[in-house]
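Observations on the three-dimensional arrangement
Residue strings, one per chain:
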Amino acid sequence: MLIDHWKKDFPRIEKDLEEAFKSIRQDYRKAKNARSKPGFNDTLFKYRQKSTDLKRGASYGFRIYAYYDISSNILYPIVVYPKTAMQEFDLDKLREAVSEVCDVVSQLNSGSLPFPPDESSI
Amino acid sequence: MIAGSLTFEEIESSTGRTYAFAVFAEYTKSGISVAFGVFAIVYLARRLRKLVSAALSPSSLEGLTEKQSQELLPLVRDLHSQLVRLCKSCPSQVDRVPLLAQAVSSIRESTEELDEVLEDLALMHDKVFQDLISKSIKEVRKPAHFEAMHH
């Protein structure tokens, strides 16, 4: 949904994420350096995906946070960002990103934003 | 207090000992003898692998209380900083010695894992972040026009 935001710096982001989600679909617990985040009852996972635009390993690629809904067996991607955008962990930045995603989805649900949203409306 | 299969005291002391060894490894690198330096780096690499895959694994951290995670945070941060310093100061010649090159590469990987541990410790009891995740999930679950991943 917010992929367009990163497209200028990472033109091949869609292809990279497609590859990531293909692997995650096969084994969400182990694929792409999966790490279950403690404190979330095995529902919040973080993944690493290399960026073909950077031509370096997964350490320099994208980070993906996703929520696994046990009852429906569905994994919801929540936030995707390039590691270069947050070299060192920044709790405020992460909160802000999740909050923005939440607001956009909420506005989409209420019909106050068009779907898919354009860059200027986010 | 049980955290996974390890107690908090075990997690803390294992992390503390590894930190002490990382300081020692840097010291041996700049003096004593080459053989001893190599041994220290190789041993540190093994010790770190064990630390991140056992004592500091997500399942071990899962049982920590907020107070315990806050206590552990500065220790892991010190260890992480020490390792970053150690890796940066490694001369490029280490690549010529396979055993050393492998150990340094392993230390770099463990340092990256420690990055995740630092993040875990900061997030696991953060009420604001947890609420944001819950709120986002509630919103994402509502409509049919979002592409979720059926596993």
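What you see as residue numbers is a count from 1 along each chain, following the sequence as written. Ligands are numbered from 1 and chains lettered from A, in the order in which they are written. Thresholds applied to this predicted model are a pLDDT of at least 70 for local features of residues and 80 or more for the giving and counting of side-chain atom pairs; totals over whole chains, interfaces and linings are not thresholded and use all residues.

The secondary structure content of chain B amounts to six helices and three strands. For the purposes of this entry, the term helix denotes a DSSP run of H or I that reaches at least four residues, the term strand denotes a run of E that reaches at least two, and both are numbered from the N terminus. Counting from the amino terminus, helix and strand elements in chain B follow one another as β-β-α-α-α-α-α-α-β. By definition, residues are in contact whenever their C-beta atoms, placed on the basis of the backbone, come within 7 Å of each other. Sequence separation of at least 24 residues holds for 78% of the intrachain contacts in chain B that already meet a minimum separation of 6.

What follows covers the interface of chain A and chain B. In this assembly, 28 residues from chain A lie in contact with 30 residues from chain B. Among the elements of the structure, helix H2 (13-26), strand S1 (35-36), strand S4 (74-82) and helix H3 (91-110) of chain A are those that each provide at least two residues to the side of chain A that touches chain B. Per-element tally for the side of chain A that touches chain B: the top contributor is H3(A), with nine residues. Residue classes follow a fixed rule: Ala, Val, Leu, Ile, Met, Phe, Trp, Tyr, Cys and Pro count as nonpolar, while Asp, Glu, Lys and Arg count as charged, and any other residue, Gly among them, counts as polar. Taken together, the residues of the side of chain A that touches chain B break down into 17 nonpolar, seven polar and four charged.

The predicted model of chain B has a mean per-residue pLDDT of 87, with 88% of residues at 70 or higher. Element-level mean pLDDT values for chain B span from 46 in strand S1 (residues 2-3) of chain B up to 95 in helix H4 (residues 66-88) of chain B. The pLDDT value expresses, per residue, how confident the predictor is, ranging between 0 and 100.

This part is about H3(A). Residue and element names in this part refer to chain A. A rise of 1.5 Å per residue sets the reference length of H3, with its 20 residues, at 28 Å; its end C-alpha atoms lie 28 Å apart and thus fit the reference within 8%. Counts of 20 or more other C-beta atoms within 10 Å of a residue's own C-beta define buried residues, counts of 12 or fewer define exposed ones, and intermediate counts define partly exposed ones; C-beta atoms are placed from the backbone. Of the positions making up H3, those classed as buried are Leu94, Ala97, Val98, Val101, Cys102, Val105 and Leu108. Down the axis of H3, the sector holding all buried residues measures 130°, keeping them to one side. Away from its buried face by more than 90 degrees, H3 exposes Asp92, Glu96 and Ser110. Glycine 111, located one to two residues past H3, shows a positive phi value of around 85°. The span you would expect from a helix comes to 1.5 Å times its residue count less one. In this description, one arc is meant: the one made by directions from the helix axis to the C-beta atoms.

This paragraph deals with the pairing of strand S3 (residues 62-69) of chain A. All names here are of chain A. Most of S3 sits inside the fold, with seven of its eight residues counted as buried. Pairing between two strands requires that DSSP report at least two bridges joining them. Inspection of the sheet shows strand S2 (residues 44-49) paired to S3 by six bridges, in the antiparallel sense. Along S3, the bridge assignment pairs leucine 44 with tyrosine 67. Both S3 and S4 contribute to a ladder of eight bridges, which runs antiparallel.

Counting 58 residues, the largest nonpolar core has Ile64(A), Ala66(A), Val98(A), Ile41(B), Leu44(B) and Ile107(B) as the members making the most contacts within it. Looking at this core, the element that brings in the most residues is helix H5 (residues 98-123) of chain B, giving eight residues. Not counting residues within four places of it along the chain, the set of residues in contact with Ile41(B) comprises Ala25(B), Leu100(B), Ala103(B) and Val104(B). Put simply, a nonpolar core is a cluster of buried Ala, Val, Leu, Ile, Met, Phe, Trp, Tyr and Cys residues tied together by C-beta atoms within 7 Å.

Take helix H2 (residues 34-55) of chain B next. All names here are of chain B. Spanning 22 residues, H2 covers 30 Å between terminal C-alpha atoms, matching the ideal 32 Å at 1.5 Å per step. All buried positions along H2 are accounted for by Ala40, Ile41, Leu44, Ala45, Leu48, Leu51 and Ala55. End-on view of H2: buried residues confined to an arc of 160°, all on one side of the axis. In H2, the exposed positions that point more than 90 degrees away from the buried face belong to Ala35 and Ser53.

The subject of this paragraph is the environment of Arg95(A). With respect to the helices and strands, the residue Arg95(A) is situated in helix H3. Expressed as a C-alpha distance, the spacing of Arg95(A) and Ala85(A), which sit ten residues apart in the sequence, is 14 Å. Excluding residues within four positions of it along the chain, Arg95(A) makes contact with Val128(B), Phe129(B) and Leu132(B).

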